[in-house]
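In case you want the letters, here they are:
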Amino acid sequence: MNAYEWMQTGFLFLMLLALVKPLGGFMAKVFQGERTFLSPLLAPCERLIYRVSGVEPEDEMGWQRYAGAMLLFNLTLFLALFVMLLTQHLLPLNPQQLPGFSWQLALNTAISFTTNTNWQAYSGEMAASYFTQMVGLTVHNFVSAATGIAVAIAVIRGFVRRKTSLLGNFWVDLTRCTLYILLPIAMIAALVLVSQGVIQNFSSYRTVPLVQSLSYDKLKLDASGNPLKDASGKPVTESATAREVTIPMGPVASQEAIKELGTNGGGFFNANSAHPFEHPTPHTTFIENLLILLIPGALTHTFGVMAGNSRQGWTLLGVMLFILIITFGVLQWAESSGNPMVSRLGVQSSNMEGKEVRFGLAGSNLFTVATTGTSCGAVNTMHDSLTPLGGMMPLSLILLGEIIFGGVGSGLYTMLAFAIIAVFVSGLMIGRTPEYLGKKIEVQEMWLSIVTIIVAGVMVLMLSGIAMITPQAVAAMANPGAHGLSEVFYALASMANNNGSAFAGLNANINFYNLLGSLAMTLGRYVPAIAVLAMAGSLAGKKYVPPSLGTLPTDKVPFALWLTLVILIVGALTFFPVLAMGPIAEHLTMLGGI
Amino acid sequence: MKEIKPAILLLIIFTIICGGIYPAVVTGLAHAVFPNQAKGSFIADSRGRERGSALIGQPFSAPQYFWPRPSSTTDFAYNPLASGGSNAGPTNPDYLKAVAARVKVYRDSGVTGPLPSELVQASASGLDPHISPEAASLQVPRVAMARGVSEAVVRQLVAKTTEDRQFGFLGAPRVNLLVLNLELDKLPK
């Protein structure tokens, strides 16, 4: 790393740390219903929304009702988007006259955006109309993020409240989150992005003449649009000349801002955040990177404030930062060391395949760890083309369960499940009843924590196994050998953990991945969410146990180290064998030559 | 099931706010304050004809132009309707063959020494408008010879179109090739 890259990295984390406290404190106020500086403007809107939709804000819910409202809302979201995608060709704002989605792709995409995954088996500029992007996907980006945050807030209330069954009102949490937190930040961020060159318009695609026209071999297509093949199975081509190109347009900035802020990650264009219209300058790299980490980071402080001890939050944030920085270091080392098989051809060492010049190595790598540590999944680098050990870093961050900052809300509640497991294991070691934040951790909490952290991992391993014996799934690999396994494994890990990024060579728009992926995204989102809500319900009913001499302090460095170890051990035990067959095997191949 | 009513109504309300009002306000403000950026940063040549977006690269291959990075977009290189990378894995034999072929093109044009990686490795978007100043520098002799102008003139244009790290430390220094090649075309013949 050169001095500039150190500065760039340091500046990002310093800005993040500087914003955690004010934003985290602000969010605590919002969810505790206190007045904030936005109240004079937004409180009337909020009351109007409740009146129109029939919500009684004082009507608090127990965990079953909270979970039920959350699920019902998400079902509504899914159905609305599913129908919108199927009927896209009948809806307005479709200047390119794009057709509707197939039902399999519509199912996958609707679930993907409802579950905050934003896995995309379609190409934005070729398949989605402005109406779909703006009225469908952008709205889902907001409310799926708000859903995750609402659940996290209910879980915090479960820890904090005593002898009650009530966790708050889902509709109120959802509304406040969208109005007070997501919309204002997204609005400002979108304008900053436009200032840098992110487009925001409703024009039809623009055709311009090329400065130098280009001769190329064009694939010949048969009547049904499939490539023609000759007798030996090679595609038939004819020579053609491109004299002009068509440049896609659209309301990109408004979607880009919430896509990063809500850790959604679904790109307006196929190239996602690598596309110059989504991500035109190094400044936007910094802004978007910060937006990705902002809310998941700040929620740790919201947790600390609501729990009455902000050090509890800083401890979790410390663990997240520690693991994120280590994976960044490995990735930066791997990518600057590059690929010896390419260097041997007379090329400098750093790996630039699938990267953009304007971001530089550090800008690409910081974004890569941020987008996979959180469940964002936007990419400014093609993860498929990372060096093997480099590519193992985003993969590992996903496999750890999206807790290294994690998705907005979901990162925090999954991390809390890990904290409970850490407390429980250490409690067993020192022979005391485990407690966390003054609540006794008993069998039920343990069960629910284990369900929360294990469901995605079990699905990833089982579905990868099924994929490997399904010819259709194997044929979708774009690269041969160990790398192909990494592609499949990454795809299923990404969907089960609601990340949404990909080793994108894999041809994911086939029934196998569309349908099994839909299942993985749904279970990966709602099983943990319901489990933590159930746990919150159980914890809220317990009385407060004041700390005694035998209580393990969970707001100090030793606990942070212990928690880090527990996370790494659980991750390594579950996934090391697959990692050895995929990226590690490929790394050895790369060093030894073919 | 008394939650069905808020579920449906809140979705409608948020669709109006987040899917209607929010993008409309952003669009309105963007066009008032940054109209050029919001429309796509299009640039014109010396005769005032629109020649593309400064943010979207183009597939130059003639010797008198600076060559951009390889692009893996479908149909043809730098096809803006098909943004995306090669997604080639680092040990993929087809990928290594493609890189070797690209190296050969530069060797044939007279470039020696280790090549900057971005010149022979495809970008993530397939539309990367930039290369590093180093990668531009080693193309200067070819461009100058093809145009029959002195290397100093070409170098001056490269220096003029080089963008430094933003705010002095963000990202990497880079040369925008559409801008640079349009500048070259403005040189007196």
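Residues numbered from 1 in each chain as written. Chains lettered and ligands numbered in written order. Predicted model: local features only at pLDDT ≥ 70, side-chain atom pairs only at ≥ 80, totals over all residues. Heavy atoms only, no water.

Caption draft 1: Structural detail: the overall build of chain A. Each helix and strand in chain A was counted, giving 19 helices and four strands. Computed over C-alpha atoms, the radius of gyration of chain A comes to 24 Å, within 12% of the 25 Å expected from 2.2 N^0.38 for 594 residues, which places it in the range of a compact globule. Each of the three principal axes of chain A carries a C-alpha extent, and together these read 80 × 60 × 50 Å. Evaluated residue by residue, chain A yields a buried proportion of 64% over its 594 residues. Contacts in chain A between residues far apart in sequence, at least 24 positions, make up 79% of those at least 6 positions apart. With 29 positive and 29 negative side-chain charges, chain A shows a separation of 10 Å between the mean positions of the two kinds. (Helix = DSSP H or I, 4+ residues; strand = E, 2+ residues; numbered from the N terminus. Rg over C-alpha atoms; globule rule 2.2 N^0.38 Å. Buried < 20%, exposed > 50% of the residue type's maximum accessible area, 1.4 Å probe, protein only. Contact = heavy atoms within 4.5 Å. Lys, Arg positive; Asp, Glu negative; His and termini not counted. Charge placed at Lys NZ, Arg CZ, Asp CG, Glu CD.)

Caption draft 2: Here's a closer look at the environment of Met-15 of chain A. Residues and elements named next belong to chain A. Note that Met-15 resides in helix H1 (residues 3–31). Its relative accessible area of 29% is what places Met-15 among the partly exposed residues. C-alpha of Met-15 to C-alpha of Leu-290: the two residues are 275 residues apart in sequence and 7.9 Å apart in space. Ignoring sequence-local partners within four residues, the contact set of Met-15 consists of Phe-286 and Leu-290.

Caption draft 3: Molecular detail of the domain arrangement of chain B. Under the domain assignment used here, chain B contains domain 1 (1–39) and domain 2 (41–185). A separation of 38 Å is found between the C-alpha centroids of domain 1 of chain B and domain 2 of chain B. (Domains from an automatic or database assignment.)

Caption draft 4: Representation of the side chain of Thr-138 of chain A within the structure. With respect to the helices, strands and loops of the structure, Thr-138 of chain A is situated in helix H6 (residues 130–160). Classification of Thr-138 of chain A by relative accessible area gives buried; the value is 1%. In terms of polar contacts, Thr-138 of chain A uses its side chain to reach the side chain of Gln-255 of chain A, at 3.4 Å. Each residue touching Thr-138 of chain A, except ones within four places of it in the same chain, is listed here: Gln-133, Ser-254, Gln-255 and Ile-258 of chain A together with Cys-18 and Tyr-22 of chain B. (Polar contact = N/O pair within 3.5 Å; in protein donor to acceptor, adjacent residues only side chain to side chain.)

Caption draft 5: A look at the side chain of Ser-375 of chain A. Relative to the helices and strands, Ser-375 of chain A is located in the loop between helix H12 (360–373) and helix H13 (388–399). With near-sequence residues (within four places) excluded, Ser-375 of chain A lies in contact with Asn-116, Thr-263, Asn-264, Glu-402, Gly-406, Gly-407, Asn-497, Asn-498 and Asn-499 of chain A.

Caption draft 6: Representation of the packing of helix H17 (residues 482–496) of chain A against helix H19 (residues 557–592) of chain A. Residues and elements named next belong to chain A. The interhelical angle for the contact between H17 and H19, taken along N-to-C directions, is 135 degrees, at an axis separation of 7 Å. Put simply, H17 runs oblique to H19. In this structure, H17 meets H19 at a crossing whose hand is left-handed. Counting all contacts with H17, which are made through Ala-482, His-483, Leu-485, Ser-486 and Phe-489, the residues of H19 involved are Phe-575, Val-578, Leu-579, Met-581, Gly-582, Pro-583, Ala-585 and Glu-586. (Axes fitted to C-alpha atoms, helices over the stretch in contact; angles between N-to-C directions. Parallel < 35°, antiparallel > 145°, perpendicular 65-115°, else oblique. Left-handed = near helix turned anticlockwise from the far one by under 90°.)

Caption draft 7: Spotlight on the nonpolar core. By size, the foremost hydrophobic cluster in this structure holds 212 residues, and its most contacted members are Phe-73, Phe-170, Trp-171, Leu-182, Ile-295, Tyr-436 and Tyr-513 of chain A. With 19 residues, the top contributor of residues to this core is H6 of chain A. Not counting residues within four places of it along the chain, the set of residues in contact with Phe-170 of chain A comprises Met-61, Tyr-66, Ala-69, Met-70, Phe-73, Thr-147 and Ala-150 of chain A. Formed by 30 residues, the second largest nonpolar core is a distinct cluster that contains Met-341 and Val-347 of chain A together with Leu-96 and Val-99 of chain B. (Core = buried A, V, L, I, M, F, W, Y, C linked by side-chain atoms within 4.5 Å.)

Caption draft 8: Looking closely at the sheet that holds strand S5 (residues 174–176) of chain B. Residue and element names in this part refer to chain B. As summarised here, the arrangement of the three strands in space is S3-S5-S4, forming an open sheet in which the pairing is antiparallel. With one partner strand each, in any of the chains shown, strand S3 (130–131) and strand S4 (162–163) form the two edges of the open sheet. Of the strand pairs in this sheet, S3 and S5 are connected by two bridges, and their pairing is antiparallel. What sits directly across from His-130, in S5, is Asn-176. Strand contacts of helix H8 (residues 177–186): S3 and S5, with the helix running at about 55 degrees to S5, the strand carrying the most contacts. (Pairing = 2+ DSSP bridges.)

Caption draft 9: Expanded view of the pattern of salt bridges. Counted under the stated rule, the structure contains 24 salt bridges over all chains. Between Glu-46 of chain A and Arg-176 of chain A there is a salt bridge, with its nearest N and O atoms 2.8 Å apart. Placement of Glu-46 of chain A in helix H2 (residues 39–53) and of Arg-176 of chain A in helix H7 (residues 170–196) is noted, with a sequence separation of 130 residues between them. In terms of burial, Glu-46 of chain A and Arg-176 of chain A fall into one category: buried. Residues Arg-51 of chain B and Asp-45 of chain B are paired through a salt bridge, measuring 3.1 Å at the closest nitrogen-oxygen approach. Shared partners join several salt bridges into a network, and the residues in it are Asp-59 and Arg-65 of chain A together with Lys-2 and Glu-3 of chain B. (Salt bridge = Lys/Arg side-chain N within 4 Å of Asp/Glu carboxyl O.)

Caption draft 10: Summary view of the interface of chain B and chain A. Taken together, the contact pairs 103 residues of chain B with 113 residues of chain A. Contact between chain B and chain A buries roughly 8700 Å² in total, counting both sides, with carbon and sulfur atoms accounting for 67%. Looking only at chain B, the three residues that lose the most surface to chain A are Tyr-22, Leu-81 and Asn-87 of chain B, adding up to 9% of its buried area. Seen at the junction of chain B and chain A, the total is four salt bridges. Here Arg-358 of chain A ties to Asp-128 of chain B by a salt bridge, and the two come within 3.8 Å at their closest N and O atoms. Between the two partners, chain B and chain A, sit 44 residue pairs in polar contact (both at pLDDT 80 or more). (Buried area = accessible area lost by both parts, 1.4 Å probe.)

Caption draft 11: Quick peek at the packing of H13 of chain A against H17 of chain A. Residue and element names in this part refer to chain A. Remark: H13 packs on H17, axes separated minimally by 9 Å, with the N-to-C direction vectors making an angle of 35 degrees. The hand of the H13/H17 crossing is left-handed. Residues Pro-394, Leu-395, Ile-398 and Leu-399 of H13 pack against Phe-489, Tyr-490, Ala-493 and Ser-494 of H17. Split into classes, the residues belonging to the contact of H13 with H17 amount to seven nonpolar, one polar and no charged. (Nonpolar A, V, L, I, M, F, W, Y, C, P; charged D, E, K, R; others polar.)

Caption draft 12: The arrangement of helix H8 (residues 252–261) of chain A in detail. Within H8 of chain A, 10 of the 10 residues are buried, which leaves it mostly tucked inside the rest of the structure. Of the positions making up H8 of chain A, those classed as buried are Val-252, Ala-253, Ser-254, Gln-255, Glu-256, Ala-257, Ile-258, Lys-259, Glu-260 and Leu-261 of chain A. Along its buried surface, H8 of chain A packs onto H6, H7, helix H9 (282–306) and H12 of chain A together with helix H1 (4–33) of chain B. Trailing H8 of chain A by a residue or two, Thr-263 of chain A shows a phi angle of about 45 degrees, which is positive.

Caption draft 13: Structural detail: a nonpolar patch on the surface. Where nonpolar side chains cluster on the molecular surface, the patch consists of Ile-4, Ile-8, Ile-12, Ile-16, Ile-21, Val-25 and Leu-29 of chain B and spans about 560 Å² of accessible area. By the secondary structure assignment, Ile-16 of chain B is in helix H1. (Patch = residues over 30% accessible without salt bridge, like charges linked within 9 Å, V, L, I, M, F, W, Y side chains within 5 Å. Areas by Shrake-Rupley, 256 points an atom, 1.4 Å probe, with all protein chains shown as cover.)

Caption draft 14: Up close: H17 of chain A. Residues and elements named next belong to chain A. For H17, spanning 15 residues, the distance from its first C-alpha to its last is 21 Å, which sits close to the expected 21 Å at 1.5 Å a residue. Judged by how many residues are buried, H17 sits mostly within the fold: 14 of 15 residues are covered. At the C-terminal side of H17, Asn-498 shows a positive phi close to 60 degrees. (Expected span 1.5 Å × (residues − 1).)

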